[in-house]
Amino acid sequence: VSAAVASAVEQLGGLDAVVNAAGVFTAGPVADADPAAWRAMFEVNVLGLLTVVRAAIPHLRTGRAPAVVNVSSMSGRRVPNPNSGVYSATKFAVHALGEALRQQLAADGIRVSTVAPGMVDTAIADDWPDSGHARRFRERLRSDGLAPEAVADAVVHVLSTPPEVNVVEYAV
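This write-up is about the structure you can find in this document. (Residues numbered from 1 in each chain as written. Predicted model: local features only at pLDDT ≥ 70, side-chain atom pairs only at ≥ 80, totals over all residues. Heavy atoms only, no water.)

## Regarding the packing of aromatic side chains
Argument step 1. Under the defined criterion, the tally for this structure stands at four aromatic pairs.
Argument step 2. Both rings, one in Phe 25 and one in Trp 128, keep their centres 5.3 Å apart while their planes meet at 65 degrees; by these two values the pair is edge-to-face. Of the two residues, Phe 25 is situated in the loop between β1 (17-20) and α2 (35-60) and Trp 128 in the loop between β3 (111-116) and α4 (132-144); the sequence distance between them amounts to 103 residues. Side by side, Phe 25 and Trp 128 carry an identical accessibility label, which is buried.
Argument step 3. Arranged with centres 5.0 Å apart and planes meeting at 20 degrees, the rings of Trp 128 and Phe 137 form a pair that is stacked. The pair formed by Trp 128 and Phe 137 is uniform in burial state, with each residue classed as buried.
Argument step 4. By way of ring pairs, the aromatic residues Phe 25, Tyr 87, Trp 128 and Phe 137 are connected into one cluster. (Phe/Tyr/Trp six-rings, centres within 6.5 Å; stacked < 30°, edge-to-face > 60°. Helix = DSSP H or I, 4+ residues; strand = E, 2+ residues; numbered from the N terminus. Buried < 20%, exposed > 50% of the residue type's maximum accessible area, 1.4 Å probe, protein only.)

Below, the structure is given as structure tokens:
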């Protein structure tokens, strides 16, 4: 991650913003779940975000209107169903980390915002083992999910606010 951030800084001539948008999701009851899936969700959704932000902070300190945008989920505010508790826990963590980072980085002029979409029509469940639950979830993503472009527009909106405006949370 440090090398990737350094490469971006070199190629772009600096770093003004970081958007943490990676995420994985596995659902199921705790009694039947694979702990490796829990670990993967925390590794990507929480530790990945922290690793990127940590590598970016020194470069953001010299950026123009520097900002961090963490893409979380409405599942970081409530648990939508009993089978998504671990995923929701990772997204609750993203919300908490956004608040902590906002407090830590405010003195450096680095804004930190959380974009929290509802369901988004992505391939997040495409690799789930085939089951009735998986098929229903994928169908619901396709029929009720936001277009990924709507989330991207929300991120652009947050980043385009004046430097003195710090959007704490943007629910999509």
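More follows now that the structure is in view.
## Concerning the side chain of Ser 88
Argument step 1. Considering the arrangement of structural elements, one finds Ser 88 in helix α3 (residues 85-105).
Argument step 2. For Ser 88, a relative accessible area of 0% translates into the label buried.
Argument step 3. Beyond its immediate sequence surroundings of up to four residues, Ser 88 is in contact with Ser 75, Gly 76, Arg 78, Val 79 and Pro 80. (Contact = heavy atoms within 4.5 Å.)

## Observations concerning the pairing of β3
Argument step 1. Judged by how many residues are buried, β3 sits mostly within the fold: six of six residues are covered.
Argument step 2. On β3, burial covers both faces: Arg 111, Ser 113 and Val 115 on one face and Val 112, Thr 114 and Ala 116 on the other are all buried.
Argument step 3. For strand β2 (residues 67-71) and β3, the ladder comprises five bridges, and the chain directions are parallel. The residue of β3 that forms the bridge with Asn 70 is Thr 114.
Argument step 4. Alignment of β3 against strand β4 (residues 169-171), held across three bridges, turns out to be parallel. (Pairing = 2+ DSSP bridges.)

## Some words on the environment of Ser 2
Argument step 1. One can find Ser 2 in helix α1 (residues 2-12).
Argument step 2. Taking C-alpha positions, Ser 2 is 7.9 Å from Ala 56, a pair spaced 54 residues apart along the chain.

## Quick notes on the packing of α1 against α2
Argument step 1. Two elements in contact, α1 and α2, have axes separated by 9 Å at closest approach and are oriented at 30 degrees. Classed by the angle they form, the pair α1 and α2 counts as roughly parallel. Remark: the crossing between α1 and α2 carries right-handed chirality. Of α2, the residues touching α1 (which contributes Ser 2, Val 5 and Val 9) are Ala 55, Ala 56 and His 59.
Argument step 2. Partitioned by chemical class, the residues of the contact of α1 with α2 number four nonpolar, two polar and no charged. (Axes fitted to C-alpha atoms, helices over the stretch in contact; angles between N-to-C directions. Parallel < 35°, antiparallel > 145°, perpendicular 65-115°, else oblique. Left-handed = near helix turned anticlockwise from the far one by under 90°. Nonpolar A, V, L, I, M, F, W, Y, C, P; charged D, E, K, R; others polar.)

## A closer look at the pattern of salt bridges
Argument step 1. Under the criterion given, the structure shown has nine salt bridges.
Argument step 2. A salt bridge links Arg 102 to Glu 99, with the shortest nitrogen-to-oxygen separation between them at 2.4 Å. With Arg 102 and Glu 99 both in helix α3 and three residues apart, the pair spans about one turn of that helix.
Argument step 3. Residue classification places Arg 102 among the buried positions, given a relative accessible area of 11%.
Argument step 4. Accessibility expressed as a relative area gives 34% for Glu 99, which makes it partly exposed.
Argument step 5. Residue Arg 140 pairs with Asp 144 through a salt bridge whose shortest N-O separation is 3.6 Å. One end of the pair is Arg 140 and the other is Asp 144, both in helix α4 and four residues apart, which spans about a single turn.
Argument step 6. A relative accessible area of 44% means that Arg 140 is categorised as partly exposed.
Argument step 7. The network of salt bridges with shared partners includes Asp 121, Asp 126 and Arg 142. (Salt bridge = Lys/Arg side-chain N within 4 Å of Asp/Glu carboxyl O.)

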